[in-house]
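Next come the chains, spelled out residue by residue.
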Amino acid sequence: MTSPVPHASTCLADLVPAVRYSDPHVLAELLDDERLPLAWWYATPLTNAERAIGSRALADMVARALRALWPQIRTGELLPASRLLDTEAVLPHRSAEETGEEGLAALVCALLDRLHGRGAPRAPLGVRAAVAVISQWLPADAPTEVRAALAVLQELEQDPAETPEEYGARDGAECRSASAVVTEHVVLPVQRAHEEAVTAPAAEAGEPAADDVVGEGSEPSASGAAGSETEPDREPPATHPNLADTPLAAFGAYTSTWDERERTIAARRIFAEQPETFAALGDRFEVSRERVRQLERSLLDAIAQWLAYDEQGRSFAAHLAAVAGRLGAVGRLAEVRTMHPDHLRPVDALGLPLGDVVARLLPDRAVDGEWIIQGDAARRTAMADDLLAACGETPLAWDEAVAVGERHGVRAEVLADWAAEIGRFRTMDGHMLYWGRSVNDRAVAVLSLRGEPMSMEDVHDRLADGTTINSMRNQIWTDERFVRLDRNLYGLRQWGGEEYLGIREMIAREIRQAGGEIEVNALVDAICGRFDVVPASVRTNLGAPEFTRTRRGWVGLAAEQPRDGEAAPYNPRRDVARTRRCFVGADGRWWYRFEVTGDHLRGSGAPVPSGWAAHLGAVPACEPIPLRHDAGESVLQWRTQPVLGSIRPLMEHIGATVGDQVFLNVTDGELTALRLPAAQPEARPEVGAARLTGWTAAVTAAEAIDVIGLRTGMGSGQEATALLQHLGDRGDRDIVGLLEQALTGTVPVN
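To start, this report covers the structure provided alongside it. Fair warning: this is a prediction, and the values are worked out from it, not measured in the lab.

Examining the overall build of the protein chain
What the protein chain contains, in helices and strands, is 35 helices and 21 strands. Relative to its 750 residues, the protein chain shows a buried fraction of 48%. Put simply, of all contacts in the protein chain between residues at least 6 apart along the chain, 61% involve residues at least 24 apart. Total accessible area on the protein chain stands at roughly 35300 Å², and carbon and sulfur atoms take up 51% of it.

Brief notes about the sheet that holds strand β12 (residues 547–551)
One open sheet accounts for 3 strands, arranged β11-β13-β12; its pairing is antiparallel. The open sheet has two free edges, formed respectively by β11 (517–519) and β12, since each of these has just one partner strand. Sheet twist, expressed as the average angle between the axes of neighbouring strands with direction ignored, equals 35°. Sitting on the sheet, helix α26 (residues 503–513) is in contact with β11, β12 and β13 (554–557), with an inclination near 100° to β13. Lying on the sheet, helix α27 (residues 520–530) is in contact with β11, β12 and β13; it crosses β11 at an angle near 85°.

A short note on the packing of aromatic side chains
For the structure shown, the criterion picks out 14 aromatic pairs. An angle of 75° between the planes, with centres 5.9 Å apart, marks the rings of W40 and W41 as edge-to-face. For W40, a relative accessible area of 0% gives the class buried. Given the relative accessible area of 2%, W41 is considered buried. Considering the side-chain rings of W306 and F316, the 5.7 Å spacing of their centres and the 45° angle between planes classify their relative orientation as tilted. Placement of the pair is W306 in helix α16 (residues 289–309) and F316 in helix α17 (residues 311–327), with a sequence separation of 10 residues. The exposure classification of W306 matches that of F316, with both residues buried. Among the aromatic side chains, those forming a connected cluster through ring pairs are F251, Y254, W258, F271, W306 and F316.

Focus on the sheet that holds strand β5 (residues 371–374)
Pairing is antiparallel across the open sheet formed by 3 strands, whose spatial order is β1-β5-β4. Each having just a single partner strand, β1 (330–332) and β4 (365–368) make up the two edges of the open sheet. Shown here is a sheet whose adjacent strand axes are inclined to one another by a mean of 25°, direction ignored. Judged from the 3 bridges that link them, β1 and β5 form a sheet pairing that is antiparallel. Residue pairing across strands places G331 opposite I372, the latter belonging to β5. Seen against the sheet, helix α22 (residues 412–422) touches β1 and β5 and runs at an angle of roughly 85° to β5.

A word on the side chain of H726
Among the secondary structure elements, H726 is positioned in helix α34 (residues 720–730). H726 has contacts with A577, T712 and M714, leaving out every residue within four places of it along the chain.

Description of unusual backbone geometry
For residues that are not glycine, phi is negative in most cases, and the peptide bond is trans in most cases. For A39, which is not glycine, the phi torsion reads 55° and is therefore positive. Structurally, A39 is set in the loop between α3 (24–31) and α4 (40–43). If you check the backbone angles, R581 has positive phi at about 65° while not being a glycine. Examined against the element boundaries, R581 turns out to sit in the loop between β13 and β14 (582–584).

Structural notes on the nonpolar core
Counting residues in hydrophobic clusters, the biggest one holds 42 residues, and the most contacted among them are F251, F271, F316 and L350. Those elements that place two or more of their residues in this core are α13 (247–255), α14 (260–270), α15 (278–285), α16, α17, α18 (333–338) and α19 (354–361). Of the residues forming this core, the biggest block, 8 residues, is contributed by α16. Sequence-distant contacts of F271, defined by excluding residues within four places in its chain, comprise F251, A266, I303, L350, L352, V357, R360 and L361. In terms of nonpolar packing, the next biggest core, distinct from the first, is built from 35 residues, V16, L27, L104 and V108 among them.

What to know about the packing of helix α5 (residues 46–53) against helix α6 (residues 55–69)
Look at α5 against α6: their axes get within 7 Å of each other, and the N-to-C directions meet at 110°. Comparing their axes, α6 and α5 come out roughly perpendicular. For the pair α5 and α6, contact is made by L46, A49, E50 and I53 and by S55, A57, L58 and M61, respectively. Residues belonging to the contact of α5 with α6 are distributed by class as follows: 6 nonpolar, 1 polar and 1 charged.

Focus on α26
Counting buried positions along α26 yields 8 of 11 residues, so the element is predominantly enclosed. Buried residues belonging to α26 abut β11, α27, α28 (535–541), β12, β13 and α34. Looking one or two residues past α26, G515 carries a phi angle of roughly 100°, positive in sign.

With respect to helix α25 (residues 469–477)
Note that an α-helix has 3.6 residues per turn; residues three or four places apart therefore point the same way. Restricting attention to buried positions, one finds in α25 the residues N470, M472, R473, N474, I476 and W477. Packed against the buried residues of α25 are α23 (439–450), α24 (456–463), β9 (482–486), β10 (489–492) and α35 (733–744).

Remarks on the pattern of salt bridges
With the rule as written, the count across this model stands at 32 salt bridges. Here R530 ties to E510 by a salt bridge, and the two come within 2.3 Å at their closest N and O atoms. Linking R530 in helix α27 with E510 in helix α26, this pair joins segments that are 20 residues apart in sequence. D734 is the salt-bridge partner of R593, the closest N and O atoms lying 3.3 Å from each other. Taken as a pair, R593 in strand β15 (residues 590–595) and D734 in helix α35 lie far apart in primary sequence, 141 residues in all. We classify R593 as buried; its relative accessible area is 2%.

Cut-offs and rules
Residues numbered from 1 in each chain as written. Predicted model: local features only at pLDDT ≥ 70, side-chain atom pairs only at ≥ 80, totals over all residues. Heavy atoms only, no water. Helix = DSSP H or I, 4+ residues; strand = E, 2+ residues; numbered from the N terminus. Buried < 20%, exposed > 50% of the residue type's maximum accessible area, 1.4 Å probe, protein only. Contact = heavy atoms within 4.5 Å. Areas by Shrake-Rupley, 256 points an atom, 1.4 Å probe, with all protein chains shown as cover. Pairing = 2+ DSSP bridges. Axes fitted to C-alpha atoms, helices over the stretch in contact; angles between N-to-C directions. Phe/Tyr/Trp six-rings, centres within 6.5 Å; stacked < 30°, edge-to-face > 60°. Core = buried A, V, L, I, M, F, W, Y, C linked by side-chain atoms within 4.5 Å. Parallel < 35°, antiparallel > 145°, perpendicular 65-115°, else oblique. Nonpolar A, V, L, I, M, F, W, Y, C, P; charged D, E, K, R; others polar. Salt bridge = Lys/Arg side-chain N within 4 Å of Asp/Glu carboxyl O.

So yeah, pure geometry; function would need other evidence.
As structure tokens, this is what we get:
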């Protein structure tokens, strides 16, 4: 199978012999390009390099290298083939320095044009007439080689106005659309993967190297996408060429000319779902693995030439372009299989369905699992970023999501599944939601979609992701984005609303809002009228020691009764020792723990408990308190609630990621953060409970009780029941759940 393209395999080292004997490290500094394979100048055909970066960019890069490395060498010696050019611009006796980069680039461009047959003169009329006669009378069963030769003559006799434009996109200009029928040398997606692999060093004999398998799930290289990738904001084509009537007949006739080794390499490597290694095929053929690599490359080149120059190959290439046009930027492998009746039928020479072959020959696309993707990984990332910017924590209407998908060439019928594939998105009730990394993020999405408070059970039913309700409850209880609005009703804190704090806390709040004392009946009516609480529960809790009877039928706070003529000083409803997620260290300093979320890493401010804020000296409506830290500054301010400003730089400084536990302490205006990575799922519950207080060593259940008692301000030697009551009063339900599990061996049900 010879290539009809003149000098199709010529590489830069063939054109510039000095390259072959130069230091590769020095060459890499001048010739390396992320769109091209490693050390491409030794083996990669110049046709492939042109297709990746454009002929003009290639010429400019080579010219810079020639002038930098060999400034005093004559151009005729640097570029021996240039002596054969019949042009006045060529002065072989001049040095590279004298010729200059512009002149060298023009010379390289002229060589590339001559090597690849561009700009050849039109055939005389006699030849054109002969070509017409041959085309008319050539038998249908003529050999492939004869048809390929005729195709070259037909190209030569074309009118200049009908000649396809030069394939090397100059100055980064975009190549033709994938739906256009191309006639130049074609680089297949599988061929690009092969060319990237061949530059890696060979492994030891008998051991399969990492590059032995050209995986179907590998992303296309930048070199394969730079010249032909559709711009993200370009509208997908409205119409597509019709599919070929009999694509199987065309491809089947072509593959019938292959020998046994070519068929085996195609079936077991090029078009296989799980390609065999070069070593395995080498053992089968009794040749070296490098020889198998060469055979595969030769076959890939032959397929590309058949698609470009053979009449049936061009028809099949048009079929590929039509399939690609219908898929858009993203499609499913199953769609290709059902797009044409022939796609379900096997190719006799390969034993594979034609649809699987078509999927792996589509221009500028790669098969990744069940998906067929256009372009490189950057396209996937760009679309995920656009969806995230549009969604955030606000549900995105489906029509708006479709518009985002269309900007990236993704059809509406695959958008929902593709969005779930590229990022954590889910379509629900006609909206697209950001289905974040944690159960907390997903619960935020569910509540945002509903737009009103929901019970814990309703949120759990909507998640339907396998998370247990107890685990979800613990996560929500410790996340400041949520607010408990009733005994079993939760909303988002950004909505506002009165928080349900527990009966004792709400009694204290009502007394404080009433000025220090309140009539018992009015207190009961106020609480039971707003929350799902029975009057008996309120009256029973009035017997707690923090409340006192000020006069008959009235109640006040025992520790907060103002003196005559004095305003009551501000006291938080809970001091720091009774504030959830606040723990005292061995040095007596109090630390506040929180779980890192995407909001912290995006730079959003976060509410903090009032007990901890008051411990730092903050009071409602106070001036913002500046806090210094190792990565800059933040502020603590208290309007309707205490809020810590952005700590994103500090989180980046300590390497915090979503799910980590971080402990904060403020001493003399200095904010300190300690990072505790997320616990391992297999950790024992008593270890997990102690870990949430900042204790990282292994403990028994009895030791965990002492540790947690000390760190919550109770002291050691506490009874388990008293500690559980203390933790429950503080609101540390996550620690309570783990400790109860450690003591009873069962998962508690709340």
